[in-house]
There are 2 protein chains.
Amino acid sequence: MAEAPRLTESAGAVFAVLAQAGSATRPQLASLAGLSKPTVSAAVAELEGARLATHSGTASSGTGRSAAVYGLGPAAGSVLAVDLGPARTRVRCCALDGTLLAEASTPRARAADAVREALDALPADAPLRAIVVAVGDVTEPDRTSGGMRPATAKAGPVFDAVSVALPPGVPVHLENNVNCAALAELHEGAARGRRTFGYLRIGVGIGLGIVIGGQVLRGANGAAGELARLPYPWDDDREPRQEALEAYVGSQALLRRAAQAWRPADGPRPRTVDRLFALAAQGREPARSLVARHAADVGRLAAAVTAVLDPGLLVLGGSTGADPQLLPGVRAELGRLSWPTEVVSSQIGDLGTVVGAARLAVAKGVQNVTEGAQVKD
Amino acid sequence: MAEAPRLTESAGAVFAVLAQAGSATRPQLASLAGLSKPTVSAAVAELEGARLATHSGTASSGTGRSAAVYGLGPAAGSVLAVDLGPARTRVRCCALDGTLLAEASTPRARAADAVREALDALPADAPLRAIVVAVGDVTEPDRTSGGMRPATAKAGPVFDAVSVALPPGVPVHLENNVNCAALAELHEGAARGRRTFGYLRIGVGIGLGIVIGGQVLRGANGAAGELARLPYPWDDDREPRQEALEAYVGSQALLRRAAQAWRPADGPRPRTVDRLFALAAQGREPARSLVARHAADVGRLAAAVTAVLDPGLLVLGGSTGADPQLLPGVRAELGRLSWPTEVVSSQIGDLGTVVGAARLAVAKGVQNVTEGAQVKD
DNA sequence: TGTACTTCGTTAGGAAGTTAACTAACGAAG
DNA sequence: CTTCGTTAGTTAACTTCCTAACGAAGTACA
């Protein structure tokens, strides 16, 4: 590579809004970046010179002179997002304006193949600006203190699996998968236009992604939103057990309860939560009551979150949380225990984690360009 | 008043750091504000002209030329903080550098007298820049939606009591008293130097003040940290009741439990939690076991907060929370249920709410000066 | 008591961005 | 086909702040 042609501050600002908008005219850039027309002209010229932006057409606003439209140039580069899910590994490559360049998905064991496949599909001249890897837990036990510590990118055990396929010298960022999914809802899902909300994921495990002012809240140990540690059961005469809540409100518990409640006359017993929800949607018992009870449980979980954070909006996701038929029950229980908070279902589903990781990677990549040097986590 | 002599941006920045530091030399201001020496010289001259800053002496750094020291000028003005506590009303008047100018305290019913008393003690020429009133609840029921809405400064019922004594035309800000106490711990208490922590207050009621990145988290309805709404009791076969947690872990519950457990042979039964804690500190039963059990309860509450926020530090306050003999028990239960989080006792006590309200008022007042116009909440 | 050294504060020149005014390009209406 | 209104882009003067260099005002030491 030739050199690092450090951008002026205004050129960096213009690049950032251009990446956000995808494509824009100079007047639009001026208004979005809060800069004056002459400054934007100078900045665009600088970006064009660095091949970070290119003239991509003209736009007429009906009346008056038509404006030149600019988009990202070849030197802007791309970013990589990896979702190391429990079953499958998903990989996405995006340009800095968020457009999808390449995609791959493999069973978890062949994670490195997916990364290689996506990277091979990239144009050779576009520099890779950032990598975000979504994992289940960004902390790891710390033997020396008996506590937790943030996992380093190099040391994370899950990370070793794909690190062989990752190109060297590119900043890598580990992020919690629930936080990633929350970002996906923020940018292209149910929380669009919000600045603060919570994303409550209920599947085999439970987790919460917290977005405050557009930023993910990570917490001192990267463990904010680890709802599995909520004290449960909790009463005058009962001691909370560690991690008991997950075993009670997770999808396993729902299926276990179904197995107990099912009678021969009720027909074939559902083996998956999807099937159970389908039966409940038809009003069949005991599926309907089981789901209603689950909704109340989710409502209690939501009340715990609301009592601490008051987020204004909760988005429900995960295999056992995203179904819209839960909403009335959740809202009712939440309203009974706490103040009313908007509750909606996830709009993105399983792809949320990669999509959100890609959004995060794009943000890191843009930072990488505008701040000249590689940004350390 | 003559006019609003709008400050240049650099003069505003210099004023802000001068207020924070109390007094400083020009080189110190330059380094604190991130400005160059010539710019600071110009800004100081501007501030002196507006009587917002005055030359207050010289400081020698051992070797080299001695520097001129500047402090706030008479036109900087002052702010007012009011704590409408359950029993007493406390009022503090501060200069914009945080120094105390006047103080008053009355029984709650005569709140307006305290405000008048403090205002009378002020120099007549110093403009009042901001007022912060700490109250127990900044929300009020909204009949139209059935939910909650933020109380307006004019409409809050508690506020009416003192509004007659408040000078008109000054921006008034209502704030939760727990949030205020948290700010006091942040600036001059157990959380000094932190950017993120939680302040858990346990007294008659329970509440949490959340500070993230030096900012109080208020939540969508101003209800973040209203732990009374945590679902409790919570178990497979028990339905949570509204507000049950407060009745279980608050000071009333502690005294009620003491009344149940006390035998004639145990000596005179304590009538206040202070007395109970004193007996426990001497190792006397059953006070010791009651306090140990209370510590475990507080630890569970702390675990609920930690599971959602992972704040890294929890400061315990309130009549039933601040006693250091709780710490071992709280830490043990928190460590058992969640990851270890630093737990310390409040260093400020009852005055925390006014002190924090004053810190907040100072911040608003400085904003008022630097941004020229009155800042709307 | 000078001389050296260090730190404070100001002066001079330059970089970056803003406002205001002007020129350029386009559509629509006579 | 000209003219007018509107919007895009450029040029010029001014503002603000920075860096670099210099003069001013102290302390330390022979």
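Residues numbered from 1 in each chain as written. Chains lettered and ligands numbered in written order. Predicted model: local features only at pLDDT ≥ 70, side-chain atom pairs only at ≥ 80, totals over all residues. Heavy atoms only, no water.

Now for the protein's contact with DNA strand C. Near DNA strand C lie 22 residues; those nearest to it are Ser36(A), Thr39(A), Ser41(B), Arg65(B) and Ala68(B). Sugar plus phosphate: this is where 70% of the atoms of DNA strand C within 4 Å of the protein reside. At a separation of 3.0 Å, a base nitrogen of DNA strand C approaches a polar side-chain atom of Lys37(B). Contact distances for DNA strand C include 2.6 Å between a phosphate oxygen and a side-chain N or O atom of Ser41(B). When contributions to the surface near DNA strand C are tallied by element, the ones reaching two or more residues are α3 (37–49) of chain A together with α2 (26–33), α3 (37–49) and β3 (67–72) of chain B. (Near = heavy atom within 4 Å. Polar contact = N/O pair within 3.5 Å; in protein donor to acceptor, adjacent residues only side chain to side chain. Helix = DSSP H or I, 4+ residues; strand = E, 2+ residues; numbered from the N terminus.)

It is worth spelling out the relation of the copies chain B and chain A at this point. Rotating chain B by 180° and moving it 0.0 Å along the rotation axis overlays it on chain A with an RMSD of 0.1 Å. Between the two chains, the operation in question is that of a two-fold axis. Residue Trp234(B), judged by its C-alpha, is the member of chain B lying nearest the rotation axis, at 2.7 Å. Most of the interface of chain B is mirrored in chain A: 100% of its interface residues are interface residues there too. (Least-squares fit on C-alpha atoms with pLDDT ≥ 70 in both. Contact = heavy atoms within 4.5 Å.)

Next up on the list: the pattern of salt bridges. By the definition in use, this model includes 34 salt bridges over all chains. Here Arg336(B) ties to Glu333(B) by a salt bridge, and the two come within 3.0 Å at their closest N and O atoms. Taken as a pair, Arg336(B) and Glu333(B) lie in helix α11 (residues 327–337) at a separation of three residues, close to a single helical turn. Sharing partners across several salt bridges, the network here consists of Glu239(A), Arg257(B), Arg293(B), Asp297(B), Arg300(B), Glu333(B) and Arg336(B). (Salt bridge = Lys/Arg side-chain N within 4 Å of Asp/Glu carboxyl O.)

Turning next to the domain arrangement of chain A. Residue and element names in this part refer to chain A. Looking at chain A, the domain boundaries give domain 1 (9–75), domain 2 (78–182 + 353–370) and domain 3 (191–347). Taking only C-alpha atoms into account, the centre of domain 2 sits 27 Å from that of domain 3. Contacts between the two partners involve 14 residues from domain 2, matched on the other side by 14 residues from domain 3. Our enumeration of links across domain 2 and domain 3 arrives at one salt bridge. Residue Arg 218 pairs with Glu 175 through a salt bridge whose shortest N-O separation is 2.5 Å. There are two residue pairs in polar contact (both at pLDDT 80 or more) connecting domain 2 and domain 3. Those elements that place two or more of their residues in the side of domain 2 that touches domain 3 are β10 (172–176), α6 (177–188) and α12 (352–370). It is α6 that contributes the most residues to the side of domain 2 that touches domain 3, five residues altogether. Here the side of domain 2 that touches domain 3 is composed, by residue class, of six nonpolar, six polar and two charged. (Domains from an automatic or database assignment. Nonpolar A, V, L, I, M, F, W, Y, C, P; charged D, E, K, R; others polar.)

In this section: the sheet that holds strand β2 (residues 53–59) of chain B. Residue and element names in this part refer to chain B. One open sheet holds the three strands; their spatial order is β1-β3-β2, and the pairing between them is antiparallel. The sheet is open, and its two edges are formed by β1 (23–25) and β2, each paired on a single side. This sheet shows a mean twist of 35° between the axes of neighbouring strands, independent of strand direction. Both β1 and β3 contribute to a ladder of three bridges, which runs antiparallel. The partner of Ala 24 across the bridge, within β3, is Tyr 70. In the packing of helix α1 (residues 9–21) onto the sheet, contacts are made with β1, β2 and β3, and the angle to β3 comes to roughly 85°. (Pairing = 2+ DSSP bridges. Axes fitted to C-alpha atoms, helices over the stretch in contact; angles between N-to-C directions.)

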